[in-house]
Amino acid sequence: MPLPVVRTVADLRAQVRAWRASGLSVGFVPTMGALHEGHLSLVRVARGKADRAVASVFVNPTQFGPNEDFDAYPRDEARDAELLEAAGCHLLYAPAVAEMYPQGASTTVTVSGVTDPLEGAARPGHFAGVATVVTKLLNQCGPDVAVFGQKDFQQLAVIRRLVADLDIPAEIVGAPTMRADDGLALSSRNAYLTPEERAQAPALHQVLQALLQSLRDGESVAAVESLALDALARAGFQKIDYVEVRHPATLERLGPGPATGPVRVLAAARLGRTRLIDNVGD
Ligand code: PAF
């Protein structure tokens, strides 16, 4: 049976209300479509935590910068719906831009602190777009649980912060990054890689893993960050936005000496026209 699709807030809420009236709990997986196994793993986590799973597909214009890939971002709703259905999703919410941002919409959600470094520094305005749309999606769906990937580690921290600060009554679950056999983190943007770049891309994960191991061996944060920068450049990455060791919860910078507590190592770098991000930690 094809996956039911709703396109309006009213229809989404009507279905969620009906489930709730039958005593069923609701899990939610917000996405921008171009689905891959990583997204489907989030659906499976949602299914494990709730009776019904809703996924949204909405390519959110407000989280793309003027020179970013909003127009080029891959879109194939029919394929996404088939994959979601096969993964056990019960409902697809696919609103148009005018449904999400009706004429006159003028409220933006900004989260301070955790949005400042890393992606926030490299992509001005990105997290205001993410925080606004995620707040709206959570208010529109009203799930018991919402699942986000750890691949976007800083995004997950931003969402946890806004949900706590705005008293949104949903449990936020972070699900592990899914990887190809060679270690490359699955991402819709991997589709932009040429065959040559695709062969180079797993170096990002390898360098992060090596960096983490060196930290565990007692090397200083400053030394391993510098070695990782060189290693990425040697592996063919042209523009390295950051490769940094940070605290996993606050994302505060650690170092320059050896790291004593838990860490997250995050990186963003470009191969040709594709910007890849990844992170590892303990
Ligand atoms: O991670 C994504 O796909 C997007 O940033 C999200 C959370 C769906 C908001 O548009």
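Please refer to the structure placed before this passage.
Residues numbered from 1 in each chain as written. Predicted model: local features only at pLDDT ≥ 70, side-chain atom pairs only at ≥ 80, totals over all residues. Heavy atoms only, no water.

## Some remarks on the pairing of strand E6 (residues 171-175)
Note the threshold: Note on pairing: DSSP must find at least two bridges between two strands before they are called paired. In this description a helix means any DSSP run of H or I spanning at least four residues, a strand means any run of E spanning at least two, and both kinds are numbered starting from the N terminus.
Here strand E5 (residues 145-149) runs beside E6; their pairing, made up of 5 bridges, is parallel. Counted as the bridge partner of Val 145 is Glu 171 from E6.

## A word on the sheet that holds strand E7 (residues 239-246)
As a reminder, the rule being used: Only the stretch in contact is used when fitting a helix axis, every axis being a line fitted to C-alpha atoms; angles between N-to-C directions are given from 0 to 180 degrees.
The strand order across the open sheet built from 3 strands is E7-E8-E9, with neighbouring strands paired in antiparallel fashion. Two strands in the sheet have a free side with no partner beyond their single neighbour: E7 and strand E9 (274-281). Here the strands of the sheet are splayed against their neighbours by 10 degrees on average, with no regard to which way each runs. Bridge count for E7 against strand E8 (residues 264-271) is 7 bridges, and the pairing is antiparallel. The residue of E8 that forms the bridge with Ile 240 is Ala 269.

## A closer look at the packing of helix H1 (residues 9-21) against helix H6 (residues 126-141)
When two helices pack together, their arrangement is given by the angle between the helix axes and by the axis-to-axis distance. This is how it is decided: When describing relative orientation, an angle under 35 degrees is termed roughly parallel and one over 145 degrees roughly antiparallel, while 65 to 115 degrees is termed roughly perpendicular and anything else oblique. Note on contacts: a residue pair is in contact if any heavy atoms of the two residues lie within 4.5 Å. Residues are grouped as follows: Ala, Val, Leu, Ile, Met, Phe, Trp, Tyr, Cys and Pro are nonpolar; Asp, Glu, Lys and Arg are charged; all remaining types, including Gly, are polar.
Relative to each other, H1 and H6 sit at 50 degrees, their axes nearing to 8 Å. Classified by the angle their axes make, H1 and H6 are oblique. Packed against H1, whose contacting residues are Val 9, Leu 12, Arg 13 and Val 16, the element H6 presents Asn 139, Gln 140 and Cys 141 at the interface. Residues belonging to the contact of H1 with H6 are distributed by class as follows: 4 nonpolar, 2 polar and 1 charged.

## Observations concerning the site of the ligand
Operational definition: Throughout this document, a residue counts as near a molecule or strand when at least one of its heavy atoms sits within 4 Å of that molecule or strand. For the purposes of these results, a polar contact is taken to be a pair of N or O atoms within 3.5 Å, where, inside protein, one atom must be able to donate a hydrogen and its partner to accept one; residues adjacent in sequence count only when each atom of the pair is a side-chain atom. Exposure was quantified through the Shrake-Rupley algorithm and a 1.4 Å probe, taking into account, for residues, occlusion by the shown protein chains and nothing else.
All residues in the neighbourhood of the ligand are listed as Pro 30, Thr 31, Met 32, Asn 60, Gln 63, Val 133, Val 134, Phe 148, Asp 152 and Gln 155. Between the ligand and Gln 63 there is a distance of 2.6 Å, counted from an oxygen atom to a side-chain nitrogen or oxygen. Note that an oxygen atom of the ligand is positioned 2.7 Å from one of the side-chain N or O atoms of Gln 155. When the free accessible area of the ligand is taken as 290 Å², the share hidden by the protein chains comes to 89%. Elements supplying a minimum of two residues to the shell around the ligand: strand E2 (26-31) and H6. Considered class by class, the residues forming the shell around the ligand number 5 nonpolar, 4 polar and 1 charged.

## Digging into the packing of aromatic side chains
Aromatic rings in a pair are described by how distant their centres are and how their planes are angled relative to each other. We apply this condition: Only rings of Phe, Tyr and Trp enter the pairing, Trp through its six-membered ring, and a pair is recorded when the two centres are within 6.5 Å. The plane angle decides the type: under 30 degrees is stacked, over 60 is edge-to-face, the rest tilted. Using a 1.4 Å probe on the protein chains alone, a residue whose accessible area is under 20% of its type maximum counts as buried, one over 50% counts as exposed, and one in between counts as partly exposed. As a reminder, the over-ring test applies to NZ of lysine and CZ of arginine, requiring each to be within 6 Å of the ring centre and within 35 degrees of the ring normal.
This structure, assessed with the given rule, holds 3 aromatic pairs. An angle of 75 degrees between the planes, with centres 5.8 Å apart, marks the rings of Phe 64 and Tyr 73 as edge-to-face. Accessibility expressed as a relative area gives 10% for Phe 64, which makes it buried. On the basis of relative accessibility, which here comes to 7%, the residue Tyr 73 falls in the buried class. One residue, Arg 75, lies across the ring of Phe 70, its end atom 4.8 Å from the ring centre. In this structure, Arg 273 is placed above the aromatic ring of Tyr 192, and the distance from its NZ or CZ to the ring centre is 4.6 Å.

## Quick word on the sheet that holds E5
Taking strand neighbours across the sheet as the criterion, the 6 strands line up as E1-E4-E3-E2-E5-E6 in an open arrangement whose pairing is parallel. Of all strands in the sheet, those bounded by a partner on one side alone are strand E1 (5-6) and E6. Pairing analysis gives 3 bridges linking strand E3 (residues 52-57) to strand E4 (residues 91-93), with the strands arranged parallel. Note on E4: the bridge partner recorded for Ser 56 is Tyr 93. Across the sheet, H1 is in contact with E1, E2, E3 and E4; its angle to E4 comes to roughly 150 degrees. Contacts from helix H7 (residues 153-165) reach E5 and E6 within the one sheet, and its direction differs from that of E6 by about 170 degrees.

## Focus on the nonpolar core
Operational definition: Nonpolar cores are built from buried Ala, Val, Leu, Ile, Met, Phe, Trp, Tyr and Cys residues. Side-chain atoms within 4.5 Å join them into one set.
Counting residues in each nonpolar core, the largest one holds 42 residues, and the members touching the most others are Leu 12, Val 54, Tyr 93, Leu 138 and Ile 172. Contributing elements (two or more residues each) for this core: H1, E2, E4, H6, E5, H7 and E8. Looking at this core, the element that brings in the most residues is H6, giving 8 residues. Core analysis: the second largest hydrophobic core is formed by 25 residues, Leu 215, Ala 228, Ala 231 and Ala 267 among them.

## With respect to the pattern of salt bridges
Two side chains bearing opposite charge may form a pair once their charged atoms approach each other closely. As a reminder, the rule being used: One side-chain nitrogen of Lys or Arg within 4 Å of one carboxyl oxygen of Asp or Glu is enough to make a salt bridge.
This model, assessed by the stated rule, comprises 16 salt bridges. Residue Arg 275 pairs with Glu 119 through a salt bridge whose shortest N-O separation is 2.8 Å. Highlighted residues: Arg 275 in strand E9 and Glu 119 in helix H5 (residues 119-122), separated in sequence by 156 residues. Of the residues examined, Glu 119 reaches a relative accessible area of 6% and is grouped as buried. The partner of Arg 161 in a salt bridge is Asp 165, and the shortest N-O contact between them spans 2.7 Å.

## Looking at the side chain of Arg 123
Position of Arg 123 among the secondary structure elements: in the loop between H5 and H6. When its relative accessible area of 11% is taken as the criterion, Arg 123 is described as buried. Every residue in contact with Arg 123, bar those within four places of it in the chain, is listed here: Gln 63, Glu 68, Arg 189 and Arg 275.

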